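# Architecture and fold: a report
Residue strings, one per chain:
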Amino acid sequence: IHQDATEAELLEVAQWAGMTTLLEDALSKVKAGITTFEEVIRVLGVQNSVDIQCPHCDAHLDEWFRFCPFCGDAVRLRCDKCNRSMATAWNNCPHCGQAQQSQDNTAVSDGGTKAA
């Protein structure tokens, strides 16, 4: 905020920190049978997507893209265990502690080195 961050940048940082959006929470309640899609749309209205830039090639991407369709690099990762947003540089999920798979599909240990 102090650095004039864009809405997309603020959303990305908040999600990396563990924030769940109203829409994500509402959709989880739909999946659990607690509410309906119609109720979600009535309360939240039609949702617009946030456009983000690929940190590798600067292409414009939709917010839910995990990989850039232009350069193929990872844009945003989700934890293998709890499915929360993670920064691409993190080896372990800060929310549940799960060691993550590296891009070459080898497990990354707590010490940041690849395990066999």
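Everything discussed here concerns the structure shown above.
This structure is a prediction, so every number in the text was calculated from the model and none was measured.

Calculation notes
- Per chain, residues are indexed from 1 in the order of the written sequence.
- Local features in a predicted model are, by the rule used here, given only for residues with pLDDT of at least 70; side-chain atom pairs are given and counted only at 80 or more, and totals for whole chains, interfaces and linings are based on all residues.
- The side-chain quantities take in all heavy atoms of the structure and omit both hydrogens and water.
- The numbering of helices and of strands both runs from the N terminus, where a helix is a DSSP run of H or I of at least 4 residues and a strand a run of E of at least 2.
- When accessible area is computed with a 1.4 Å probe and restricted to protein chains, residues below 20% of their type maximum are described as buried, those above 50% as exposed, and intermediate ones as partly exposed.
- Any two residues whose heavy atoms approach within 4.5 Å are treated as being in contact.
- Residue-level accessible areas treat just the shown protein chains as cover; the underlying method is Shrake-Rupley with a 1.4 Å probe.
- Between the rings of Phe, Tyr and Trp (Trp by its six-membered ring), a pair exists once the centres lie within 6.5 Å; its type follows the angle of the planes, with under 30 degrees stacked, over 60 edge-to-face, and the other angles tilted.
- The definition of a polar contact used here is a pair of N or O atoms within 3.5 Å, where within protein one atom must be able to donate a hydrogen and the other to accept one, and adjacent residues in sequence count solely through side-chain atom pairs.

Secondary structure summary: the protein contains three helices and four strands in total. Starting at the N terminus and walking to the C terminus, you meet the elements of the protein as α-α-α-β-β-β-β. Taken over 116 residues, the protein has a buried fraction of 25%. If you take every contact in the protein between residues at least 6 apart in sequence, the share linking residues at least 24 apart comes to 15%. Surface summary for the protein: the accessible area is close to 8000 Å², and the carbon and sulfur share equals 53%.

All right, on to the packing of aromatic side chains then. Following the criterion strictly, the structure yields one aromatic pair and no others. Where Trp16 meets Trp90, the ring centres are 6.5 Å apart and the plane angle is 55°; that geometry is what we call tilted. Highlighted residues: Trp16 in helix α1 (residues 7–16) and Trp90 in the segment after β4 (85–86), separated in sequence by 74 residues. Owing to a relative accessible area of 32%, Trp90 belongs among the partly exposed residues under this scheme.

Topologically, Asn92 is positioned in the segment after β4. Here Gly97 takes part through its backbone oxygen, which lies 3.5 Å from a polar atom of the side chain of Asn92.

By the secondary structure assignment, His60 is in strand β2 (residues 60–62). Put simply, His60 and Phe70 are 10 residues apart on the chain and 9.5 Å apart in space, counted from C-alpha to C-alpha.

Keep in mind that these numbers describe shape and distance, not what the molecule does.
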